[in-house]
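The chain contents come next:
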Amino acid sequence: MPYQFEDLKNAFPTEWRDYIEHSFVQQLGNGSLAPEAFQHYLKQDYLFLIQFARAYALAAYKSPTLADLLQAKDGLLAILDTELGLHISYCKEWGISEQELNNLPEARATLAYTRYVLDTGNRGDLLDLHVALSPCMVGYGEIANWLNQRAETLRGEANPYDAWIAMYESDEFQGAMQAEIRWLDERLADVTPSRFEQLSHIFRDATRLEIDFWDMGLNLSD
């Protein structure tokens, strides 16, 4: 039976659950997350987005077809032309200036995760890179959906982090998430069991690094 993205999640269900249902996520959903923890996360997420853009540039280089190249271009432009600007504006609402963002050092969790993704993409092919990126690309959409299923999640003015949830439950992000899953499903359908095992280990490691990224925010670690 052909492999699908769901098989990657099912290969390491504990790691995926620990990521999606992390304490940082739960506290964000019920509005109890410490503001300084969220601000620390926002700062490092800005730095992560810059490296994410580099990963899409690498995806363009790795693209074997015009369709893949156009997809990589769209992802790169979405970050550079839209997401970074929105992130800067959102940070300003939380008292974080653009100058402060531009002078930030990368936390060790940010360095470890982003360089792992780029190293995986450099060493492997386009599928390796997409699998390394998928815990972020797919995971944030799943997190928003999971939060909306929880009775403990607060929405609207009752939750200072409501805008964050709204960003990832949006039709635009959910559509991008589903498009990424379809892309992965098409490519995974052709891989051998041994190749799938290799890809599943990439997925596991990237998911563990996502967990570390939440830990960083929660613990205010550098």
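Note that the structure is a prediction, hence the values are computed from the model and not measured.

The rules we used
Residues numbered from 1 in each chain as written. Predicted model: local features only at pLDDT ≥ 70, side-chain atom pairs only at ≥ 80, totals over all residues. Heavy atoms only, no water. UniProt positions renumbered as here; feature names shortened; annotations may be inferred. Helix = DSSP H or I, 4+ residues; strand = E, 2+ residues; numbered from the N terminus. Buried < 20%, exposed > 50% of the residue type's maximum accessible area, 1.4 Å probe, protein only. Axes fitted to C-alpha atoms, helices over the stretch in contact; angles between N-to-C directions. Left-handed = near helix turned anticlockwise from the far one by under 90°. Contact = heavy atoms within 4.5 Å. Nonpolar A, V, L, I, M, F, W, Y, C, P; charged D, E, K, R; others polar. 1 Å grid on protein atoms, 1.4 Å probe; cavity = no way out; pocket = protein on both sides within 12 Å on 5 of 7 lines; lining within 4 Å. Points joined across faces, edges and corners; volume = space filled by probe spheres on them.

1. Quick word on the UniProt feature "domain: Thiaminase-2/PQQC" (unreviewed entry) in the chain
Link 1 in the chain: When the UniProt feature table is mapped to this numbering, "domain: Thiaminase-2/PQQC" (unreviewed entry) covers residues 16-219.
Link 2 in the chain: Regarding residues 16-219, the helix share stands at 82% and the strand share at 0%, and the terminal C-alpha atoms are separated by 20 Å.

2. Thoughts on unusual backbone geometry
Link 1 in the chain: At Leu-220, a position not held by glycine, the phi torsion is positive, near 55°.
Link 2 in the chain: Tracing the sequence through the fold places Leu-220 in the segment after α11 (193-219).
Link 3 in the chain: Of the residues examined, Leu-220 reaches a relative accessible area of 39% and is grouped as partly exposed.

3. Examining the packing of helix α2 (residues 13-20) against helix α8 (residues 126-149)
Link 1 in the chain: Where α2 contacts α8, the axes come no closer than 10 Å and their chain directions differ by 65°. α8 is crossed by α2, and the crossing has right-handed handedness. Facing α2, whose interface residues are Trp-16, Tyr-19 and Ile-20, α8 presents Pro-135, Cys-136, Gly-139, Tyr-140, Glu-142, Ile-143 and Trp-146.
Link 2 in the chain: Its residues placed into classes, the contact of α2 with α8 shows eight nonpolar, one polar and one charged.

4. A closer look at empty space enclosed by the protein
Link 1 in the chain: If you walk through the whole model with that rule in mind, you get one cavity of 30 Å³ or more.
Link 2 in the chain: Estimates place the volume of the largest cavity at around 40 Å³.
Link 3 in the chain: Along the walls of the largest cavity sit Phe-48, Gln-51, Phe-52, Ala-55, Thr-114, Val-117 and Leu-133, which together make up its complete lining.
Link 4 in the chain: Elements represented by at least two residues in the lining of the largest cavity include exactly α4 (35-62) and α7 (108-123).
Link 5 in the chain: Broken down by element, the residue count for the lining of the largest cavity peaks at four residues, all from α4.
Link 6 in the chain: Split by residue class, the lining of the largest cavity holds five nonpolar, two polar and no charged.

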